[in-house]
Structures are given as structure tokens and as C-alpha cells.
Amino acid sequence: MAKLLSCVLGPRLYKIYRERDSERAPASVPETPTAVTAPHSSSWDTYYQPRALEKHADSILALASVFWSISYYSSPFAFFYLYRKGYLSLSKVVPFSHYAGTLLLLLAGVACLRGIGRWTNPQYRQFITILEATHRNQSSENKRQLANYNFDFRSWPVDFHWEEPSSRKESRGGPSRRGVALLRPEPLHRGTADTLLNRVKKLPCQITSYLVAHTLGRRMLYPGSVYLLQKALMPVLLQGQARLVEECNGRRAKLLACDGNEIDTMFVDRRGTAEPQGQELVICCEGNAGFYEVGCVSTPLEAGYSVLGWNHPGFAGSTGVPFPQNEANAMDVVVQFAIRRLGFQPQDIIIYAWSIGGFTATWAAMSYPDVSAMILDASFDDLVPLALKVMPDSWRGLVTRTVRQHLNLNNAEQLCRYQGPVLLIRRTKDEIITTTVPEDIMSNRGNDLLLKLLQHRYPRVMAEEGLRVVRQWLEASSQLEEASIYSRWEVEEDWCLSVLRSYQAEHGPDFPWSVGEDMSADGRRQLALFLARKHLHNFEATHCTPLPAQNFQMPWHL
């Protein structure tokens, strides 16, 4: 009877992974979930085959879930319509509650029938036995057996806790349950006394901003967190996850962040292979509708690196909602997992981000300054200009206030706090992070990210002459135009390198540098062009085109 109840309340089982001929994961990585193996019975199919009763009951419950999601998103309009029609009176609500209660009882009955269908299926009974054993005792053998299955991630046991590193409890700079530290925006009206009267005056605007951010704003910024989109993408996500597990020996893990969100991760270990890059770990930060199952992790995987992918809060198996604080909390536990559990040193970690993933990537680089390098592909400097682009001009004040208070993705500000090597990849046909049209390459916010980085690190070089010539170089939309501008100013790369190395040897590596202070205008132009070319590479593609492995290059450094 207990087993039947477990089958009724148990998670949905999607797939049983097939056996692979690839090697096991290296035993040198302690306490990590080992590479998956197939169940002992070779007659089992790759996809879990539910019995007819379970299959039909699952379809009914899935349909009810979709209807509930549609009702949830349309509820404000429905309530307004019902109120106008007079249907919200007590005499009308009571019968409706009876209908709703009857429907819930019917759905509960369908769930019980599904449980009976599962109970009659030996595959599901074996799975639920392994799952319960793993929850009782997370031994390596139990985890190995559980890794044979792909199921609803909410039931996956936690593999790593944010408080697990002992140093965290003694560290003054570690996160609390309120979250990790973020850079806070400056007040919109500096110098204004923060009196009680001013607070009362601001209250309506603050309430409006809060409502916009937590309803329309968050879903526009992170469409991948919308349940209906995830439901539509489920077959693709399952296929992508199977590829990572079966073909790449991927290991799935659940991380518990300091805010209580559970983060879904996938780790591919290349340290025991012949790939020289496998000793380095690339942590991938996906875009606003990207998932590690089908996202940018494929690029460093093809290049031969060890890879750690993770999903934003509220995406696929990760819980929560993707606000900046939750995003940073998730990134913090991912980096800690890589260091404390997977055994990588910060000097062996590369942060790679695509699009909106630049926020968590720059936060990680700012907070973990010893990471070896950062690569930002199709990213931007600040969210406000891009938000203003898609909203009416009359909403400018509301949009700016909402972004600054609740959705402040200040990538450039965080990037300037990082001292290590940086490479920016600009898409020359990008239609997402341009503020006018894709053909207007100077409206690409990747340009502003480069300029802010160079102005912070080399303020004397990026004075008037240097800034002007770099803008000319950024206007080039092809390699031929780039080379033409570069040769017009007769940039001597050997001279630029010698100047930079001499300054570094005398003053040290920490930015900002005062190099170029006593230099001629021509020298500053040469240095500015040289540095711009080293920090930004063009890729002739649109925003969502996958980055080829040959374009995944390590950033330049002296």
C-alpha cells in the first residue's frame, strides 16, 4: 500500500538512459554524481513506456495544467469582465465554487488512476524504489542508479548546499539568506532630502514600478520562465538533455542557493580525456530564453573544454523567478559548486555568457576576481536603452525607474570591477541588442560595453583622439573595412606591446592604467585601436546564431 501511495505522489518519469560505451567519469572528482549507466534489462526502451492507464491520466492532468496556466495569466482580464457583468456576487460565486470543488475531486481521482497505472509498471516501481532509497541515503551507488533516469526535477535530491563550504560560515563577505551583494544604482535625484513627505510622494510610483516589474516586465525580459513556453519546448529539452548525458557523459546535479531556489545544472568532465583544454572549466550563462539543454554549452563542448551549464531560476528544472538578486544567488552557488565539489581552482575557470547571461557572468567575475578569463557573446552594457527601445516614449520615466529598481542589469559597471582578460564578441547583424535597426551597427550596445571597459582600464589612451578613432573602427561592418581603418593609422603592434609591457613591469597589472599620459596623439590612437582589436571580435551573424567552436577563443592578455 505504501508503494502504491508513492506511485500516486511520485514524479513523472520521462526517460531511461541507454547504455553508452564511453568511459566512466574520472574517479579523482570526489562526491560527484557518477556517469550514468543503463538499467540492467537491455530490453527497456530509451524512452519510458507508460501503461495505457498512466498515459491517458497523464494527458488529462497535463491538459488541466495548461488550462490552469492560461487562466492564471488571463485572470486580471477575467476578473474585470466578471465584475462588469455582475458575476462576482455571492449568489453566483457559491455555485461556481461547487463546480470548482467537483473538478478538483475529479482531477484527484485521475491522479489516483495514474498512480495505479504506475504501480502496475515494473519500470516505474523500480524507479520509485531507487528514488526513495536515494532520499534516505545519498550514497554514490544510489546516485549512480538514480542518474539512469530523467524525471521531474522537483523530486531530485539536493546535491550541493550553499552553506556546505566551511569557509562560508567564517567568511565576512559570504552570502546570507537575503542574498549575495549587488551593486546598487545611484538615486535618480541626488541631493534630495529623503524626508517622510518625499517617501509618501514616491510611493505611488514605487508601487507601479513593482507591479510592472513583477508582472509584464519580468516575463518580457525572461520569456524562458513562462510555463507555456517551457511546455512547448519540453520535447526539445528532453532530447538535448539526453544528448548531454548519453553522448557527453554529462552529470546532472541540483544546487540549493542561499535564497532557497533549486538550480538545475549539467557538468561534462573532460579532465580524463586527451583534450588539453579539458583541464579548464567553462561555466556557461544562457540567454533570456536559453536552456543548457539546447544553449551555448555546445560551443565550448565542441572546443574540447570541461563545461558546467545551469538554468536560470524559473527555467526548466530550476525554481524561483529570474530577478537580478536571484540570478546572482544562483551564479554564486554554481561557482561554489565548481570550486568546492568539482575540484576546479578559480584560475582554471572561464566564464562564458551569451546575451542576457552577461549579467551573471560579470557578477561572477566581479565577485570571484581570480577566475582566469571571461568571454561575452552578444551582450550589452546596460538594460535601460534596450528597454526604452521596445516601450512607448511616454513610458520613459516608468521604464527607467522600473529597470533601475527591480531589473538593473548593469553589465558594464560590474565588468569594470574585473581585472582579468576579457573578450567581447559582437554580432554584426544583431537584431536584439541594437537600439535602431540591425543594419545600424553603431547602435549595437556591445560597442558601449567595449568603450566603457577601455575607458575604465585605459583612461589616458581613451581620451578624445583615442575615443574618436575607436568609434570609427567600430563603424566597420566587415573585416575589410576594419583592416582598412587599422592600416590607415599605421598601427605598429610590436610598439604597442612594448609600451604596455613596460608599463605593466613598472606599475603592476591592476587597472586603471595611466599609460598614454605623456604620449603623442598619434601614439594614443595606435594604442586605442590595438586594444580595441584585442578586446572585441566581430562575428557576422544574427543574435541567435550558434557560435562556431573555431570562434571560441581565449581573451588576449599581456
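The rules behind each value
- Residues numbered from 1 in each chain as written.
- Predicted model: local features only at pLDDT ≥ 70, side-chain atom pairs only at ≥ 80, totals over all residues.
- Heavy atoms only, no water.
- UniProt positions renumbered as here; feature names shortened; annotations may be inferred.
- pLDDT = per-residue confidence, 0-100.
- Contact = heavy atoms within 4.5 Å.
- Pairing = 2+ DSSP bridges.
- Helix = DSSP H or I, 4+ residues; strand = E, 2+ residues; numbered from the N terminus.
- Axes fitted to C-alpha atoms, helices over the stretch in contact; angles between N-to-C directions.
- Phe/Tyr/Trp six-rings, centres within 6.5 Å; stacked < 30°, edge-to-face > 60°.
- Buried < 20%, exposed > 50% of the residue type's maximum accessible area, 1.4 Å probe, protein only.
- Lys NZ or Arg CZ within 6 Å of the ring centre and 35° of its normal.
- Core = buried A, V, L, I, M, F, W, Y, C linked by side-chain atoms within 4.5 Å.
- Domains from an automatic or database assignment.
- Salt bridge = Lys/Arg side-chain N within 4 Å of Asp/Glu carboxyl O.
- Buried area = accessible area lost by both parts, 1.4 Å probe.
- Polar contact = N/O pair within 3.5 Å; in protein donor to acceptor, adjacent residues only side chain to side chain.

In the annotation of an unreviewed UniProt entry, the chain is listed under the name Phosphatidylserine lipase ABHD16A and assigned to Pan troglodytes. UniProt's Catalytic activity (unreviewed entry) comment on the chain is quoted here verbatim: "Hydrolyzes glycerol monoesters of long-chain fatty acids." In its Sequence similarities (unreviewed entry) section, the UniProt record describing the chain reads: "Belongs to the AB hydrolase superfamily. ABHD16 family."

(A) Quick look at the confidence of the model for the chain. In this model, the chain carries a mean pLDDT of 90, and residues with pLDDT of at least 70 account for 92%. Every residue in residues 21–45 scores below 50 in pLDDT, and together they form 52 contacts with partners more than four places removed in sequence or on other chains.

(B) The sheet that holds strand β11 (residues 536–539), seen in detail. Spatially, 9 strands are ordered β3-β4-β5-β7-β6-β8-β9-β10-β11 in an open sheet, and the strand pairing comes out mixed. Where the open sheet ends on each side, the last strands, each with one partner, are β3 (160–161) and β11. Where strand β10 (residues 422–427) lies against β11, 4 bridges are found, and the strand directions are parallel. Bridging from a neighbouring strand, Arg-427 pairs with Phe-539 of β11. In this fold helix α10 (residues 324–341) packs onto β3, β4 (251–256), β5 (262–268), β6 (281–285), β7 (306–310) and β8 (349–354), with an angle of close to 150° to the strand it touches most, β7.

(C) Summary view of the packing of aromatic side chains. Tallied over the full model, the rule gives 18 aromatic pairs. The interplanar angle of 35° and the centroid separation of 5.5 Å between the aromatic rings of Phe-153 and Trp-156 together place this pair among those described as tilted. Both residues of the pair, Phe-153 and Trp-156, count as buried. Judged by centre distance (6.4 Å) and plane angle (70°), the rings of Trp-363 and Tyr-368 are edge-to-face. Comparing Trp-363 with Tyr-368, the two get one shared label, buried. Three or more aromatic residues joined by ring pairs make a cluster, and in this case those are Tyr-48, Tyr-124, Phe-127, Tyr-149, Phe-151, Phe-153 and Trp-156. Lying over the aromatic face of Trp-156, Arg-252 brings its terminal NZ or CZ to 5.9 Å of the ring centre. Directly above the ring of Phe-153 sits Lys-254, whose terminal nitrogen or CZ lies 5.2 Å from the centroid.

(D) Seen up close, the nonpolar core. Judged by nonpolar contacts, the single largest core of 99 residues is most densely connected at Ile-283 and Ile-351. The leading source of residues in this core is α10, at 9 residues. Taken together, domain 2 (199–419) and domain 3 (421–557) each give at least three residues to this core, which thus spans both. With near-sequence residues (within four places) excluded, Ile-283 lies in contact with Leu-308, Trp-310, Met-331, Val-334, Val-335, Ala-338, Ile-349, Ile-350, Ile-351 and Tyr-352. Within the second largest apolar cluster, 29 residues are counted, among which are Tyr-292, Trp-354, Ala-549 and Phe-552.

(E) Examining the UniProt feature "transmembrane region" (unreviewed entry) in the chain more closely. When the UniProt feature table is mapped onto this chain numbering, "transmembrane region" (unreviewed entry) sits at residues 60–84 and 96–116. The distance from the first to the last C-alpha atom of residues 60–84 is 32 Å, and the span holds 100% helix and 0% strand. The annotated region residues 96–116 carries 100% helix and 0% strand content, and the separation between its end C-alpha atoms amounts to 31 Å.

(F) The arrangement of the pattern of salt bridges in detail. Per the stated rule, a full pass over the model turns up 20 salt bridges. With a closest N to O distance of 2.8 Å, Asp-382 and Arg-404 form a salt bridge. Here Arg-404 lies in helix α13 (residues 396–406) and Asp-382 lies in the loop between β9 (373–377) and α12 (383–390), a separation of 22 residues in the sequence. Salt-bridge contacts for Arg-445 lead to Asp-448; the nearest nitrogen and oxygen are separated by 3.5 Å. Of this pair, Arg-445 and Asp-448 both sit in helix α15 (residues 445–457), 3 residues apart, roughly one helical turn. Take Arg-445: its relative accessible area is 15%, and that puts it in the buried class. With a relative accessible area of 21%, Asp-448 lands in the partly exposed category. If you follow the salt bridges from partner to partner, you end up with Asp-381, Arg-445, Asp-448 and Lys-452 in one network.

(G) Molecular detail of the domain arrangement of the chain. Taken domain by domain, the chain holds domain 1 (1–17 + 46–161), domain 2 (199–419) and domain 3 (421–557). Look at where the C-alpha atoms of domain 1 and domain 2 centre, and you get two points 28 Å apart. In this assembly, 22 residues from domain 1 lie in contact with 24 residues from domain 2. The contact between domain 1 and domain 2 buries some 2100 Å² in all, and 64% of this surface belongs to carbon and sulfur atoms. On the surface where domain 1 and domain 2 come into contact, there are 0 salt bridges. Where domain 1 packs against domain 2, one counts 10 residue pairs in polar contact (both at pLDDT 80 or more). The set of elements that each furnish at least two residues to the side of domain 1 that touches domain 2 consists of β1 (13–16), α2 (52–85), β2 (149–151) and β3. Element by element, the count of residues in the side of domain 1 that touches domain 2 is highest for α2, at 7 residues.

(H) Summary view of the UniProt feature "domain: AB hydrolase-1" (unreviewed entry) in the chain. Residues annotated by UniProt as "domain: AB hydrolase-1" (unreviewed entry) correspond here to residues 281–407. Taken end to end, residues 281–407 comprises 41% helix and 17% strand; its first and last C-alpha atoms sit 29 Å apart.

(I) Looking closely at the pairing of β10. With respect to burial, β10 is a largely interior element, 6 of its 6 residues being buried. Burial along β10 is two-sided: Val-422, Leu-424 and Arg-426 and Leu-423, Ile-425 and Arg-427, pointing in opposite directions, are all buried.

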